[in-house]
Amino acid sequence: MVKFIVLVGLLALSFCVAMAADHSPLQDFCVAQSNSQVRLNGLACKNPSMVQASDFSFSGLHLSGNTSNAVGSKVTPVATTQIPGLNTLGISLVRIDYAPWGINPPHTHPRATEILTVVEGSLEVGFVTSNPDNRLISKILHKGDVFVFPIGLIHYQRNVGKGNAMAIAGLSSQNPGVITIANAVFGSEPAISSDILVKAFQVGKNVVSSIQSKF
């Protein structure tokens with residue numbers, strides 16, 4: 001009887017672990033139907049008989065992004081919005097353009113690991129490990145170099161070359177999400193109490209107020 005109870009417990013545990021993982025596709029494809037009112041973890045499927053080659057393609061990644069902004073970079077996504085056929089396939093892509101000394105500021109992808117390839121220029125890249133070490137792992141990359149940012153960790157890129165730079169990155173989710181640290185902390189709506197940020201960053205209230213005003 002004890003063995004039976006242990007066996008049942010192990011089976012229940014394995015079932016819970018299996019349920020916690022992302023499901024693999026159960027059909028050839030599930031092209032996203034963007035106008036569907038059905039709410040689920042992903043997007044509803046288009047009728048397979050209505051699927052066209054255009055549902056699996058995107059044009060325009062050869063075009064440079066506009067980097068004339070405060071951080072000097074532009075991310076061009078290729079996800080289910082751009083390619084409906086990516087739905088349920090667990091992958092997406094971005095092009096990142098950088099002006100000289102432009103940055104892709106510290107951010108995280110809560111649902112994806114990122115693998116980045118430098119196509120043009122030179123980039124300083126890095127990520128920070130979790131508490132308690134908070135170790136910065138960084139490297140200078142050149143054309144053709146590849147770097148991986150583990151899922152959920154804060155990471156960044158900076159153009160350290162003399163001209164513009166460009167990279168292509170793959171992400172292990174159709175909807176990786178992005179949390180830009182400065183925007184989230186100082187630009188939330190409603191704002192995080194300045195008293196909390198003063199203690200968290202160990203700076204004066206005037207410094208916090210000044211930063212919040214920029215967001």
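Basis of the calculations
- Residues numbered from 1 in each chain as written.
- Predicted model: local features only at pLDDT ≥ 70, side-chain atom pairs only at ≥ 80, totals over all residues.
- Heavy atoms only, no water.
- Axes fitted to C-alpha atoms, helices over the stretch in contact; angles between N-to-C directions.
- Helix = DSSP H or I, 4+ residues; strand = E, 2+ residues; numbered from the N terminus.
- Parallel < 35°, antiparallel > 145°, perpendicular 65-115°, else oblique.
- Left-handed = near helix turned anticlockwise from the far one by under 90°.
- Contact = heavy atoms within 4.5 Å.
- Patch = residues over 30% accessible without salt bridge, like charges linked within 9 Å, V, L, I, M, F, W, Y side chains within 5 Å.
- Areas by Shrake-Rupley, 256 points an atom, 1.4 Å probe, with all protein chains shown as cover.
- Salt bridge = Lys/Arg side-chain N within 4 Å of Asp/Glu carboxyl O.
- 1 Å grid on protein atoms, 1.4 Å probe; cavity = no way out; pocket = protein on both sides within 12 Å on 5 of 7 lines; lining within 4 Å.
- Points joined across faces, edges and corners; volume = space filled by probe spheres on them.
- Nonpolar A, V, L, I, M, F, W, Y, C, P; charged D, E, K, R; others polar.
- Pairing = 2+ DSSP bridges.
- Phe/Tyr/Trp six-rings, centres within 6.5 Å; stacked < 30°, edge-to-face > 60°.
- UniProt positions renumbered as here; feature names shortened; annotations may be inferred.
- Buried < 20%, exposed > 50% of the residue type's maximum accessible area, 1.4 Å probe, protein only.

### Focus: the packing of helix α3 (residues 194–201) against helix α4 (residues 205–213)
For the pair α3 and α4, the least separation of the axes is 9 Å and the interaxial angle reads 110°. Compared by their axis directions, α3 and α4 come out roughly perpendicular. For the pair α3 and α4, the sense of crossing is right-handed. Along the contact surface, α3 presents S194, D195, L197 and V198, while α4 presents K205, V208 and Q212.

### Some words on a nonpolar patch on the surface
Residues I115, V146 and V148 make up a contiguous nonpolar surface patch of roughly 230 Å² in combined accessible area. Assignment of secondary structure puts I115 in strand β4 (residues 114–120).

### Overview of the layout of surface pockets
There is about 410 Å³ of room inside the second largest pocket. Of all the elements in the fold, those that place two or more residues in the lining of the second largest pocket are β1 (73–78), β2 (92–98) and β3 (103–108). Here the lining of the second largest pocket takes five residues from β1, the largest share from any one element. Within the lining of the second largest pocket, the residues separate by chemical class into twelve nonpolar, nine polar and two charged.

### Observations concerning the sheet that holds strand β8 (residues 155–159)
On the basis of which strands lie adjacent, the open sheet formed by five strands has the order β6-β5-β8-β3-β10 and antiparallel pairing. Edge positions in the open sheet fall to β6 (136–141) and β10 (179–180), since each of these has one partner strand only. Bridge count between strand β5 (residues 123–128) and β8: five bridges; the pairing is antiparallel. Each residue of the ladder has a partner; that of L123, found in β8, is N159.

### A few points about the sheet that holds β4
Sheet strands associate in pairs through backbone hydrogen bonding, adopting either a parallel or an antiparallel arrangement. An order of β1-β2-β9-β4-β7 is seen for the five strands of this open sheet, with the pairing classed as antiparallel. What marks the edges here is a single partner per strand, and that holds for β1 and β7 (146–149). For this sheet, the mean angle separating the axes of adjacent strands, direction not counted, is 20°. Examined bridge by bridge, β4 and β7 share four bridges and lie antiparallel to one another. Within β7, the residue paired with I115 across the bridge is V148.

### Considering the packing of aromatic side chains
Per the counting criterion, the structure on display carries five aromatic pairs. A connected cluster of aromatic rings, assembled from ring pairs, spans F127, F147 and F149.

### Considerations on the UniProt feature "binding site: oxalate" (unreviewed entry) in the protein
Per the UniProt record, the feature "binding site: oxalate" (unreviewed entry) sits at N104, H109 and E114. Cross-referencing the annotated residues with the lining of the second largest pocket gives N104, H109 and E114. Summarising the element assignment, N104 is placed in strand β3. N104 gets classed as buried once you look at its relative accessible area, which sits at 10%. When residues no more than four places from it in sequence are discounted, the contact partners of N104 are S73, V75, I96, Y98, Y156 and Q157. Structurally, E114 can be placed in strand β4. In this view, E114 contacts I96, H107, H109, F147, V148, F149, H155, Q157, A169, G170 and L171; residues no more than four positions away in its chain are not counted.

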